[in-house]
Amino acid sequence: MPKMGKGSSLTPGLLNAMGKKCLPGYLGVVVTLIDGSGLTCRMEVKSELLSPNDYLHAGAVVTLADTACGYGTMTRLPEGARGFTTIELKSNFTGTATTGSLVCHARPLHIGRLTQLWEATVAVENTAKAIAHFRCTQMILFP
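In this report, we go over the structure that sits alongside the text. Everything numeric in this text was worked out from a predicted model, so none of it was measured. (Residues numbered from 1 in each chain as written. Predicted model: local features only at pLDDT ≥ 70, side-chain atom pairs only at ≥ 80, totals over all residues. Heavy atoms only, no water.)

1. A closer look at the side chain of S51
And then number 1: With respect to the helices, strands and loops of the structure, S51 is situated in the loop between strand 2 (38-44) and helix 3 (58-75).
And then number 2: The buried category is assigned to S51, whose relative accessible area is 18%. (Helix = DSSP H or I, 4+ residues; strand = E, 2+ residues; numbered from the N terminus. Buried < 20%, exposed > 50% of the residue type's maximum accessible area, 1.4 Å probe, protein only.)

If you want it as structure tokens, here you go:
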């Protein structure tokens, strides 16, 4: 596994490779940007991500946001940490999509030694209309 945390060498390409055979890769989540403000991911809306009522499944949106926040956490782990786990998450939905792509920008609100607090906005890519607002708390794990 690549080095995480301070002086992190994690890049979008490395995170995408790590997630390829896991849920993010299966759903088509792709990291597009890591910068000082946080991390951005993209996911194409496919028929497999819709609910039986033909609207985007809430779980797919939560997975996109949780992945963006989780990958963001990986880039900001403190020295000596071996990983993290999500201990709380919340989502509010303000819209949906049935075609196109979604973008999610995750940004840290608190980066502590034992916890991190992240928030993310999921939007329809071509209109920038926000469809979900997400917040999670990550517990930092040490050996």
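2. Examining the pattern of salt bridges
And then number 1: Inspection of the entire model under this criterion finds three salt bridges.
And then number 2: Between R42 and E125 there is a salt bridge; the shortest N-O distance is 3.1 Å. Taken together, the residues R42 in strand 2 and E125 in the loop between strand 5 (115-124) and strand 6 (130-141) connect sequence positions 83 residues apart.
And then number 3: Taken together, the salt bridges that share partners define one network made up of R107, E119 and R135. (Salt bridge = Lys/Arg side-chain N within 4 Å of Asp/Glu carboxyl O.)

3. A few points about the nonpolar core
And then number 1: Counting residues in each nonpolar core, the largest one holds 31 residues, and the members touching the most others are M43, L56, L64, L102, V122 and I131.
And then number 2: Among the elements that line this core, the one with the most residues is helix 3, at eight residues. (Core = buried A, V, L, I, M, F, W, Y, C linked by side-chain atoms within 4.5 Å.)

4. A word on the environment of P108
And then number 1: Of note, P108 is situated in strand 4 (residues 101-111).
And then number 2: In this structure, the C-alpha to C-alpha distance between P108 and R76, residues 32 residues apart in sequence, is 9.2 Å.
And then number 3: Among all residues touching P108, those that are not within four sequence positions of it are S37, G38, R76, L117 and W118. (Contact = heavy atoms within 4.5 Å.)

5. Considerations on the sheet that holds strand 4
Neighbouring strands of a sheet are bound in pairs by backbone hydrogen bonds; such pairs are parallel or else antiparallel.
And then number 1: Across the sheet, which stays open at both edges, the six strands sit in the order 1-2-4-5-6-3 with antiparallel pairing between neighbours. The two strands at the open ends of the sheet, each matched to only one other strand, are strand 1 (30-35) and strand 3 (83-93). Taking the axes of each pair of neighbouring strands and ignoring which way they run, one obtains an average angle of 20° across the sheet.
And then number 2: Relative to strand 6, strand 3 is paired through ten bridges, and the arrangement is antiparallel. When the sheet's bridge partners are listed, G83 is paired in strand 6 with L141.
And then number 3: Where helix 1 (residues 12-19) meets the sheet, its contacts fall on strand 1 and strand 2, and the angle it forms with strand 1 comes to roughly 145°.
And then number 4: Sitting on the sheet, helix 3 touches strand 1, strand 2, strand 3, strand 4, strand 5 and strand 6, and the angle it makes with strand 6 is about 45°. (Pairing = 2+ DSSP bridges. Axes fitted to C-alpha atoms, helices over the stretch in contact; angles between N-to-C directions.)

6. Concerning helix 3
Along an α-helix, a turn takes 3.6 residues, which lines up residues three or four apart on a common side.
And then number 1: Helix length check: helix 3 (18 residues) gives 26 Å between terminal C-alpha atoms against 26 Å at 1.5 Å per residue, within 8%.
And then number 2: Most of helix 3 is tucked away: 14 of the 18 residues are buried. (Expected span 1.5 Å × (residues − 1).)

7. A short note on the pairing of strand 4
Remark: a regular strand shows side chains that alternate across the two faces of the sheet.
And then number 1: Across six bridges, strand 2 lies against strand 4 in antiparallel orientation. By the bridge assignment, M43 is partnered in strand 4 with L102.
And then number 2: Pairing of strand 4 with strand 5, which is carried by nine bridges, proceeds in the antiparallel orientation. When the sheet's bridge partners are listed, R107 is paired in strand 5 with E119.
And then number 3: Hairpin connection of strand 4 to strand 5: three residues between the antiparallel strands.

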